[in-house]
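# Commentary on secondary and tertiary structure
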Amino acid sequence: MALSLVVNERTRRVDIPGDTPLLWALRDALALTGTKFGCGAAQCGACTVHLNGSPVRSCSIPVSAAAGKRITTVEGLSADRSHALQLAWIAEDVPQCGYCQSGQLMTAAALLARTSNPTDAQIDSAMAGNICRCGTYERIRRAVHRAAGAAKPK
Amino acid sequence: MNTPDSSDRGLTRREVIRVGALGAGGLLLAFVLPARTSRRLGAQSADPKQNAADFEPNAWLRIAPDGTVTVLIDRSEMGQGVLTSLPMLVAEELDADWSRVRAEHLPVDARRPIGRAVRLTGGSASVRQGWTPARQAGAVARAMLVAAAAERWGVAAAECTTGQGVVMHERSGRREAYGALVDAAAGRTPPTDVPLKDPKDFRIVGTRQPRLDTPAKVDGSAVFGIDVRVPGMLTAVVARCGACGGTPRRVDDARARAVPGVRHVVRMDHGVAVVADGYWPAHKGREALTIQWQEPADRASSTDVARRLTELAARPAAQGFARGEADVKGARMLEATYTLPFLAHATMEPMNCTAHVTADGVTLWAPTQFQSEAVRTAAEAAGVPPERVVVHTTLMGGGFGRRGESDFVGDAVRISKAVGAPVQVVYSREDDMRHDFYRPASVHALRGGVDADGWPTLLRHRVAGHVSGMRRFFPQAIQNGIDPDHVAGLGADLPYAIPNHRVEYAQLDTSVPTGFWRSVGHSGTAFAVECFIDELAVLGGKDPLEVRRHLLATNPRALGVLNLAAEKAGWGHPLPAGRAQGIALVVGFGSYMAEVAEVSMERGQPRVHRVVCAIDCGRVVNPSIIEAQVQGGVLYGLSAALHGDIAVEGGKVKQGNFHDYRVMRMHDSPVVETHIVPSTARPGGVGEPPTPPVAPAVANASFRLTGQRVRRLPFVRAAQSG
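Described below are features of the structure shown in this document. Note that the coordinates shown come from a computational prediction; the quantities given were computed from them, not determined experimentally.

## Overview of the overall build of chain B
For chain B, the helix and strand inventory stands at 18 helices and 28 strands. What you see for chain B is a C-alpha radius of gyration of 27 Å, in line with the 27 Å of a compact globule of 722 residues. For chain B, the C-alpha atoms occupy an extent of roughly 80 × 70 × 45 Å along the three principal directions. Out of the 722 residues in chain B, the part that is buried amounts to 65%. Pairs at least 24 residues apart make up 77% of the contacts formed inside chain B by residues separated by at least 6 positions. Positive and negative side-chain charges in chain B, numbering 83 and 74 respectively, have mean positions lying 1 Å apart.

Below, the structure is given as structure tokens:
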């Protein structure tokens, strides 16, 4: 089935069954491999993308439900790693294996978009659906605070 | 115990470094990062003459005319930072500009054959093995660049200095960037007597350098195994028998073949592969298969395993270590039995591998910790000589020992060969969890006593262990029926001096597949020993820290981390109401690690608020990476301690995803503090030591709160059944 998707502000056409999870439409049809497969069951958050600005688990949303909505993946966070969170992730040297970090970044970006200066408790609550097996949580929390600080008007 | 760097010569430069040719110009040095020469990995000789004859480089240093320094190494990056730490060693002696340093995995191909070496990343060994040779490579390259500059300028090499990728001659004010010298340097013979820096002059090693792989991991551009895209590539998922070792007897694939996008169904000995234009049609095709399985006769049960291990631990077994007497008259005695479950690795990136089998051989794009085994597996599966296997090691989303296996390599190769196209085999999370090679279960029966003054005087530690990965990978290491991993840290390597001390081992063999899991044998042995020492302290009426100090009187580095962790945690000082601390220690992988866990009880289960860690890992290469490994190792151990339990019934693993194999998340993770002991000793390992102590530290703290000993992991199960 031919679908029109708006991914990272570009309109892309894919011809795949409508029940295909958005994750596999991105990874296999559009070669956007930054969004990761972790569990296939909305348990781990590695596949997090934004749908009209809200964080969703792309492994558990059929691509047909994403048609016509704005989809943002980690590749669309910035053109040049200049998003405040990407800069903070680099400054805090957050990633270890790095596999979950696309999802962590997308969840954190959605948090900062609605809560510009989150508390630890707000960060923990927002990030609770994103697993990191390398245990980078402390650095993630620090990086979110750093990005929030950088994003503040001077 | 401290090995001074100066005696750490090992091999001479001539025997371990050669100059290679570069088509595009530049300087290329090939060198050897030795594999472990221990009982486990005997493939490479420790004899320098032998190594010179067998010169099989597994690391390259390339300096391009534009000044870019690239270090290619055969060690796998799975999050532990090896693609940063080893290049730091090279860059230090090279006096490179760190901002111009790059790192890559060294491929295995005709130009860079694997030879007879063991190529394995594990055992927290990479920095330990690379410490001298990686620095030597940098030092030799620097000497060649200096010699080229000195010749060009007509000055003495001794008058030249280097820094930030530039050779300088102060008296004449001349400067030349390395890039401009590489072609002249490449024509020179590598010198053989280049001194290494005095560590007090280190400018890169020992500092918090940013990881080289971070930028690609924040924008989605990092290529993990599952991200490999090869033209014409198909995706395969494999239906495997739920019961370990089952085989397909009858397959009806008509409905699977009718799923749009499914291209092939491939029957294999152990399963049925559905090959499609992407993961989703392959997955749907697999759902549409009807398979009758021939289940194995031995359908293991983890309950049965625990019962049989408990029985084995109740009777005398093979003696692995003995000191002093088997019994002490007049001692006050205590017995306790500790039970540890099977555990899955649960890496974030599920197992996968991409293979292309052609008439010329096999090309692999593999997230593997064990290239030499991947080559052997691929060659066998494709029916080609090992020299025809090319391996591109990808980044990997966690390893923890799981990626030392090659099941995913064999499947990718067999399927690619069957369909005549490049194939990426992908495990679902459930495949990954139900077809793992689990941390083996074990039961530890301990008997100990304290003397009239309350000090431990007797320890008998009997381990009943399920067969581990040792038998498949390193059978020569199993001597007198004793699996060295199941007694790791218990015999002569027990840090505590207990005058009457015995270790025994008995083994159980079932069809549950087992392998290596972060911290390997210590993951179980440290729990038993560190809980039991705590129990003996209570028996003797002593503080657990005091008892450990007493038993470590002749072990200064172990004592050092113990005291540092206790001091930083505020051991013995008042805590918030409802909280208690527990302490534990591990010595292994060349390092010393102590942890103090601060715990409260919530709904009958421990809630861990803070873990204060002290590590002595010898000379520090990158404190930022050490801190990250400590945080990660603690949380990995804590996930297992609180929740980790692989239950097997009728040969089938019950758990399948993160809802029933729970792991720590941000909101329930403790603060982890890392304190590094300054040391001039040789570097020790860092990836694994943080994992073992956290479970006993939490158990010992929870005893202080409840008066009840938790002797069976995980805590959650213990709480439910207790």
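## Notes on the overall build of chain A
A count of helical and extended segments in chain A gives 6 helices and 5 strands. What you see in chain A, going N to C, is helices and strands ordered as β-β-α-β-β-α-β-α-α-α-α. Principal-axis analysis of the C-alpha atoms places the extent of chain A at approximately 45 × 35 × 25 Å. Out of the 154 residues belonging to chain A, those deemed buried represent 58%. Sequence-distant contacts, at least 24 apart, represent 56% of the contacts inside chain A between residues at least 6 apart. One finds the centroid of the 17 positive side-chain charges in chain A at a distance of 3 Å from the centroid of its 11 negative side-chain charges.

## Quick notes on the pairing of strand β3 (residues 59–63) of chain B
All names here are of chain B. Extensive coverage of β3 is indicated by the burial of 4 of its 5 residues. As paired strands, strand β2 (residues 27–31) and β3 are joined by 5 bridges and run antiparallel to one another. Opposite A30, over in β3, you have W60 as the bridge partner. A loop of 5 residues connects β3 with strand β4 (residues 69–73), the two strands running antiparallel in sequence, and G67 in this loop sits at a positive phi of about 90°.

## So, the environment of R12 of chain A
Looking at where R12 of chain A falls in the secondary structure, it is placed in strand β2 (residues 10–15). Beyond its immediate chain neighbours, meaning those up to four positions away, R12 of chain A contacts L3, S4, L5, V7 and L30 of chain A.

## Quick notes on the sheet that holds strand β5 (residues 101–105) of chain B
Residues and elements named next belong to chain B. With respect to topology, 5 strands assemble into an open sheet ordered β1-β2-β3-β4-β5, the strand pairing being mixed. A strand with exactly one partner marks an edge of an open sheet, and here the two such strands are β1 (17–20) and β5. Each strand of the sheet is rotated relative to its neighbour by a mean of 20°, with strand direction disregarded. Contacting β1, β2 and β3, helix α4 (residues 126–153) crosses the sheet at an angle of about 150° to β2.

## Section: the interface of chain A and chain B
Accessible area lost upon the coming together of the parts serves often as the stated size of an interface. Counting from both sides, the interface comprises 48 residues of chain A and, opposite them, 60 residues of chain B. In total, chain A and chain B occlude about 4,500 Å² of area from one another, counting both sides; carbon and sulfur atoms represent 56% of this. For the pair chain A and chain B, the interface holds 6 salt bridges. R139 of chain A is the partner of E627 of chain B in a salt bridge, and the nearest nitrogen-oxygen pair spans 3.7 Å. Our enumeration of links across chain A and chain B arrives at 27 residue pairs in polar contact (both at pLDDT 80 or more). Here the side of chain A that touches chain B is composed, by residue class, of 23 nonpolar, 13 polar and 12 charged.

## Digging into α4 of chain B
Residues and elements named next belong to chain B. For α4, built from 28 residues, the straight-helix expectation of 40 Å at 1.5 Å per residue is met to within 8% by its first-to-last C-alpha distance of 39 Å. The principal kink in α4, of about 35°, is found at T132, preceding the proline P133 by one to four residues. Following α4 by one or two positions, G154 adopts a phi angle in the positive range, close to 65°.

## Some words on the pattern of salt bridges
Two side chains carrying opposite charge are able to pair once their charged atoms lie near each other. By the definition in use, this model includes 57 salt bridges over all chains. For the salt bridge of D19 of chain A with K284 of chain B, the shortest nitrogen-to-oxygen distance reads 3.1 Å. With D19 of chain A in the loop between β2 and α1 (22–29) and K284 of chain B in helix α7 (residues 279–287), the pair connects residues from two separate chains. A relative accessible area of 39% places D19 of chain A in the partly exposed class. Close ionic contact of R307 of chain B with E311 of chain B constitutes a salt bridge, the shortest N to O distance being 2.9 Å. With R307 of chain B and E311 of chain B both in helix α8 (residues 302–313) and 4 residues apart, this pair spans about one turn of that helix. In this structure, a network of salt bridges that share partners links the residues E92, D95, R142, K197 and R203 of chain B.

Definitions and limits used
- Residues numbered from 1 in each chain as written.
- Chains lettered and ligands numbered in written order.
- Predicted model: local features only at pLDDT ≥ 70, side-chain atom pairs only at ≥ 80, totals over all residues.
- Heavy atoms only, no water.
- Helix = DSSP H or I, 4+ residues; strand = E, 2+ residues; numbered from the N terminus.
- Rg over C-alpha atoms; globule rule 2.2 N^0.38 Å.
- Buried < 20%, exposed > 50% of the residue type's maximum accessible area, 1.4 Å probe, protein only.
- Contact = heavy atoms within 4.5 Å.
- Lys, Arg positive; Asp, Glu negative; His and termini not counted.
- Charge placed at Lys NZ, Arg CZ, Asp CG, Glu CD.
- Pairing = 2+ DSSP bridges.
- Axes fitted to C-alpha atoms, helices over the stretch in contact; angles between N-to-C directions.
- Buried area = accessible area lost by both parts, 1.4 Å probe.
- Salt bridge = Lys/Arg side-chain N within 4 Å of Asp/Glu carboxyl O.
- Polar contact = N/O pair within 3.5 Å; in protein donor to acceptor, adjacent residues only side chain to side chain.
- Nonpolar A, V, L, I, M, F, W, Y, C, P; charged D, E, K, R; others polar.
- Expected span 1.5 Å × (residues − 1).
- Bend = angle between axes of the 7 residues up to and from the residue.

Everything listed is a geometric property; what it means functionally is a separate question.
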